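Residues per chain are reported as follows:
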Amino acid sequence: MEIAVRNIKAVTKRELVAYFTSPIAYVIIVIFLLVSTGFSFWVGDLWDFGDASLTWTFFFFLPWFFVVLAPAVGMRLWADEHRQGTIELMLTMPIHPWHAIVGKFLASSVVWAIALLLTWPIVWTVQYLGDPDMGPILSGYLGAFLFASSCVAISMAISAFTRSQITCLLISVAVCLGLTLLGYPQIVDQFMKMLPANVVDGIADLSLMSHFLDMTKGVLVFRDILYFLSVIVVSLLVTNIAIRAKRA
Amino acid sequence: MSGSLRTPASDRRPKNYEMISVQNLTKRFGTKLAVNDISFQVGVGEVLGFLGPNGAGKSTTMRMITGYFEPTAGHVSIDGINMSDEPSRAKEKIGYLPENAPLYDDMTVLSFLKFAADLRGLSGSAKTTAVDKALETCFLKPVRNQSIDTLSKGYRHRTCLAQSIIHDPEILILDEPTDGLDPNQKAEVRNLIRRLGETRTIIFSTHILEEVEAACTRAIIIDKGKIVADGTPEELKTKAVDAGAIEVRIDAPSSAAAVEAELGKLASAKRVSSKNLGEEGGAFTGCVIPKGKEKAGKLASEIFELCMSKGFSLTELHQNPGRLDDVFRAITRTGE
Ligand SMILES: Nc1ncnc2c1ncn2[C@@H]1O[C@H](COP(=O)(O)OP(=O)(O)OP(=O)(O)O)[C@@H](O)[C@H]1O
Ligand SMILES: [Mg+2]
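The model shown is predicted, which means the values in this text are computed figures rather than measured ones. (Residues numbered from 1 in each chain as written. Chains lettered and ligands numbered in written order. Predicted model: local features only at pLDDT ≥ 70, side-chain atom pairs only at ≥ 80, totals over all residues. Heavy atoms only, no water.)

K.L.:
Help me understand the coordination of the magnesium ion (ligand 2), please; the structure alone is not making it clear to me.
P.N.:
Six octahedral donors at a metal ideally form angles of 90 or 180 degrees, and four tetrahedral donors ideally form angles of 109.5 degrees. All names here are of chain B. Protein-derived ligands of the magnesium ion (ligand 2) are Ser59 (OG) and Glu99 (OE), with the metal-ligand distances lying across 1.9 to 2.2 Å. Remark: Glu99 occurs in the loop between β6 (94–97) and α3 (109–119) and Ser59 occurs in helix α1 (residues 58–65); sequence separation between them is 40 residues. Residue class for Ser59 comes out buried when judged on its relative accessible area of 11%. (Donors = N, O, S within 2.8 Å, 3.2 Å for Na, K, Ca; no water. Helix = DSSP H or I, 4+ residues; strand = E, 2+ residues; numbered from the N terminus. Buried < 20%, exposed > 50% of the residue type's maximum accessible area, 1.4 Å probe, protein only.)

K.L.:
Please explain the sheet that holds strand β14 (residues 313–319) of chain B as it appears in this structure.
P.N.:
Backbone hydrogen bonds are what pair the strands of a sheet, in a parallel or an antiparallel way. Residue and element names in this part refer to chain B. A sheet is described by the order of its strands in space; here four strands give the open sequence β12-β13-β11-β14, paired in antiparallel fashion. Of all the strands in the sheet, the pair left with one neighbour each is β12 (269–274) and β14. Geometrically, the sheet is characterised by an average inter-axis angle of 25° between neighbouring strands, direction not taken into account. Where strand β11 (residues 246–251) lies against strand β13 (residues 283–290), six bridges are found, and the strand directions are antiparallel. Note that in β13 the partner of Asp251 across the bridge is Ala283. Sheet strands touched by helix α9 (residues 256–264): β11, β12 and β13. Its angle to β13, the strand with the most contacts, is close to 15°. (Pairing = 2+ DSSP bridges. Axes fitted to C-alpha atoms, helices over the stretch in contact; angles between N-to-C directions. Contact = heavy atoms within 4.5 Å.)

K.L.:
I would appreciate a short explanation of helix α5 (residues 153–165) of chain B in the present structure.
P.N.:
Since one α-helical turn is 3.6 residues long, residues separated by three or four positions face the same way. Over its 13 residues, α5(B) extends 19 Å from the first C-alpha to the last, a length consistent with the 18 Å expected when each residue adds 1.5 Å. Burial of α5(B) is extensive: 10 of the 13 residues sit out of reach of the surface. Of the residues making up α5(B), those classed as buried are B:Gly154, B:His157, B:Arg158, B:Thr159, B:Cys160, B:Leu161, B:Ala162, B:Gln163, B:Ser164 and B:Ile165. In this fold, the buried residues of α5(B) make contact with α5 (87–92) of chain A together with β6, α3, α4 (124–137), β7 (171–175) and α6 (183–197) of chain B. (Expected span 1.5 Å × (residues − 1).)

K.L.:
Whenever I open this one, the pairing of β13(B) confuses me. Can you help?
P.N.:
The side chains of a regular strand alternate, first on one face of the sheet and then on the other. Residue and element names in this part refer to chain B. Burial within β13 is extensive, with seven of its eight residues counted as buried. Of the strand pairs in this sheet, β12 and β13 are connected by five bridges, and their pairing is antiparallel. Each residue of the ladder has a partner; that of Val272, found in β13, is Val288.

K.L.:
Looking at this model, I keep getting lost on the packing of helix α2 (residues 24–43) of chain A against helix α6 (residues 97–117) of chain A. Mind explaining?
P.N.:
Two packed helices can be described by the angle between their axes and the distance between those axes. Residue and element names in this part refer to chain A. Remark: α2 packs on α6, axes separated minimally by 10 Å, with the N-to-C direction vectors making an angle of 35°. The handedness of the crossing between α2 and α6 comes out as right-handed. Residues Ile28, Ile29, Phe32 and Leu33 of α2 form the contact with α6, whose own contacting residues are Val111, Trp112, Ile114, Ala115 and Leu116. Looking at the contact of α2 with α6, its residues break down into nine nonpolar, no polar and no charged. (Left-handed = near helix turned anticlockwise from the far one by under 90°. Nonpolar A, V, L, I, M, F, W, Y, C, P; charged D, E, K, R; others polar.)

Right, here's the structure in full:
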């Protein structure tokens, strides 16, 4: 156990240094801050909305940015290892492949934790404007972090199959977008016309979006957290399968 | 390469202790059989050279020994530890330089070696010492803070080599360790291999046959996934077709053809092959192949006596020791 922690820490540290010595992390964080705050002021009408909760003025837009930007963080994780051949070094070190997988995932979710923390001024803004209920805001942030982490985990799993970052980016965006749209009201309505209601409910339940919206409304349901965690765990398992397949 | 390395535990093991044992190892990629039922053992203090044409299966075999590839069949055991059962324990004992020296381009030489040390479980002052020693051994001090993506090919190779010796392993698996190095560095790496090989177990692959003679205690030639020869470089050399042939240069008053005819009549001579190209007066240059390698000595004295009695002057006489690249070509060209 101690050894696992040590190895995971070493891998996480390396990946974080890699993110922040290249422009990639800065570029993604800056773009994310610009679009997320920009949308909430101009599109979300933060000033005039009157409602001091951030559900519709801020959180509502985030999934669309995550869907594009999170795969850009995750795409290099294994694609680069394959392209550079360093996966051969990594996997002949006395560490378990899980240590590398978890370490890499943690590094990319730390990037998102930093990005989200940097949006905190928007909370000060609503506190200045009114008297917001902090419960939904905190659970919304947790939801946003889990959403971003899920997208990163999905793109990491896809990157384990390819040596090309751009291929990984495109497929990951498509998969994350698909998983988000599944719960979107218009899409759900379309399904309703074709499929029985319980099937539609099941499909909508798979959506990242509906679980996220629940959390931004302050309905901090254990079920939603469990959902995001299981998306992450499944992605990590798929990553492990992809890596094993390359070696077998 | 400089720098002293501590004596590993393997030093206390008997000389013939089997550090690496490979049994019936097979690797199949789809329908392609890359490694076909290979078995061999390597003992402490052995430096094993892996030879073979491109695509023979050398790298694939090394990848299975280091635990990167899962064998399709067969197994590998490292110091008695089965690689498939306890991969982490087995990998701890190995230092590995993969083919083409893969590296993280976004790191500096120093941070890369520190990362390698972390994964090897080194920390604190042990880590600092190990990194320093590896930098020194591979002459990387001047580029320690340089980003890896700006290194020249030779320095990249040395950085990856440094990574493989950072934990002072008992076993070294080096896939073409001198590839891309300048002649001085090639010699340094050979010296390093020889020096480390005294107390450790080393397998390295190469396409440079002089390297095998310079550094190996044993060589294995692989072709099409099979071992086709296994022995000391000297043993392998005697398998050359003209190994043991007596090469001579004889000046005679008569013609070279007459000398050739006389040589052919000697009791122990099987065949004479002339290297005379055109008219060179009475000088014969060529070699005499004995009837069996054990007859070589007798043949030499017969040639000497012949020259004495006929009044030829023998200006050169030596035995061909056999050349490794002749053996290599002869063995690996069959059935092409
Ligand atoms: N991952 C892989 N997938 C499919 N085929 C492979 C793979 N790796 C190696 N091979 C095939 O296995 C065979 C042996 O390759 P290997 O790299 O072991 O040769 P080698 O002896 O190291 O050659 P070289 O001297 O060129 O380095 C080759 O035919 C190669 O194409
Ligand atoms: Mg090779």
